[in-house]
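Breakdown of the fold
Spelled out, the chains give:
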Amino acid sequence: MKISIQPIGNEYSTAAIDLILSIQQKEFNVPITIEDQPDLLQIEAFYYQGGGAFWGAFHNGELLGTIALIKYADQEGAIRKMFVKKEFRGKEYGIAQQLLDILIAYCRKNGIQHLYLGTITILEAALRFYEKNNFVRIEKKDLPDAFPLMSADNVFCHLNLDK
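So, here's what we can say about the structure.

Moving on, we get to the pairing of strand β3 (residues 62–73). Most of β3 sits inside the fold, with nine of its twelve residues counted as buried. The pairing of strand β2 (residues 53–59) with β3 spans seven bridges and is antiparallel. Bridge pairing in β3 places histidine 59 opposite glutamate 62. Counted along the chain from β2 to the antiparallel partner β3, the turn is two residues long, and its residue asparagine 60 has a positive phi close to 50 degrees.

This part covers the pattern of salt bridges. One pass over the structure, following the stated rule, counts five salt bridges. Linking glutamate 27 and arginine 89 is a salt bridge whose minimum nitrogen-to-oxygen distance equals 2.5 Å. Residue glutamate 27 is located in helix α1 (residues 13–27), and its partner arginine 89 is located in the loop between β4 (76–84) and α3 (95–109); the two are separated by 62 residues in the primary sequence. On the accessibility criterion, glutamate 27 (26% relative accessible area) is partly exposed. The residue glutamate 131 makes a salt bridge to arginine 137 at a minimum N-O spacing of 2.5 Å. For arginine 137, a relative accessible area of 46% puts it in the partly exposed group.

Let us now look at the nonpolar core. The biggest cluster of nonpolar side chains holds 29 residues, and the ones touching the most others in it are Ile79, Leu99, Leu115 and Phe135. Elements that contribute at least two residues to this core include exactly β2, β3, β4, α3, β5 (114–119), α4 (124–132) and β7 (155–160). Broken down by element, the residue count for this core peaks at six residues, all from α3. Those residues within four positions of leucine 115 in sequence are excluded, and the remaining contacts are Leu69, Gly77, Ala78, Ile79, Leu103, Ile104, Cys107, Phe135, Cys157, His158, Leu159 and Leu161.

On to the environment of leucine 103. Its place among the elements puts leucine 103 in helix α3. For the pair leucine 103 and isoleucine 32, spaced 71 residues apart in sequence, the C-alpha separation works out to 25 Å. In this structure, leucine 103 is in contact with Trp55, Ile67, Ala68, Leu69, Ile79 and Leu115, ignoring residues within four places of it in sequence.

Within this structure, the stated rule accounts for ten aromatic pairs. Look at phenylalanine 46 and tyrosine 47: their rings are 4.9 Å apart centre to centre, the planes differ by 70 degrees, and that puts the pair in the edge-to-face class. The exposure class assigned to phenylalanine 46 is partly exposed, which follows from its relative accessible area of 37%. Each residue in the set Tyr72, Tyr116, Phe147 and Phe156 is aromatic and connected to the rest through ring pairs, giving one cluster.

The rules we used
- The numbering scheme is per chain: residues are counted from 1 as the chain's sequence reads.
- Local features in a predicted model are, by the rule used here, given only for residues with pLDDT of at least 70; side-chain atom pairs are given and counted only at 80 or more, and totals for whole chains, interfaces and linings are based on all residues.
- Side-chain measures were taken over the full set of non-hydrogen atoms in the model, leaving aside hydrogen atoms and water.
- Throughout, exposure labels follow a simple rule: accessible area from a 1.4 Å probe, protein chains only, divided by the maximum for the residue type, with under 20% read as buried, over 50% as exposed, and the rest as partly exposed.
- Only DSSP runs of H or I reaching four residues or more are called helices, and only runs of E reaching two or more are called strands; each is numbered from the N terminus.
- Strand pairing is assigned whenever DSSP detects at least two bridges linking the two strands.
- Salt bridges are counted wherever a side-chain nitrogen of Lys or Arg sits within 4 Å of a carboxyl oxygen of Asp or Glu.
- Definition used in this section: a nonpolar core is a set of buried Ala, Val, Leu, Ile, Met, Phe, Trp, Tyr and Cys residues joined via side-chain atoms within 4.5 Å.
- Should any heavy atoms of two residues lie within 4.5 Å, those residues are considered in contact.
- Two rings from Phe, Tyr or Trp (for Trp, the six-membered ring) form a pair when their centres are within 6.5 Å of each other. A pair whose planes differ by under 30 degrees is stacked, one over 60 is edge-to-face, and the rest are tilted.

Following this line, the structure appears as structure tokens:
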């Protein structure tokens, strides 16, 4: 199965919203709505204007996964919107790994040395995935002051790309 990963913009807002809300609400019962995530309605303004990006993983034109980067300081960025459709998760497809690899390559190319992310404890498989990729769990108090906090997040990780 051939997966293509490409930067996406506002033209994919509807597809990204459908994918992400379905996973958040139906699969994991996270009480979050589109109103809590206005960034998905304005991908270009929210992610690209500050030096970040938003990528989609596609197969035959269908959006199967997403990952986004908010660049909030010269050498710091936050991972957001890392979601892969349930039936396309795992090593067999490698979509999450491809998405993360593209984001990390972008960070290295653009001088981002510290990547942070916030997630929720229920997403245990996601946490294991990040830890397998050398992310280290940190306390909320150890996040940079400028980190764009999401209210639902209760687990935080850091990756030093300067190593």
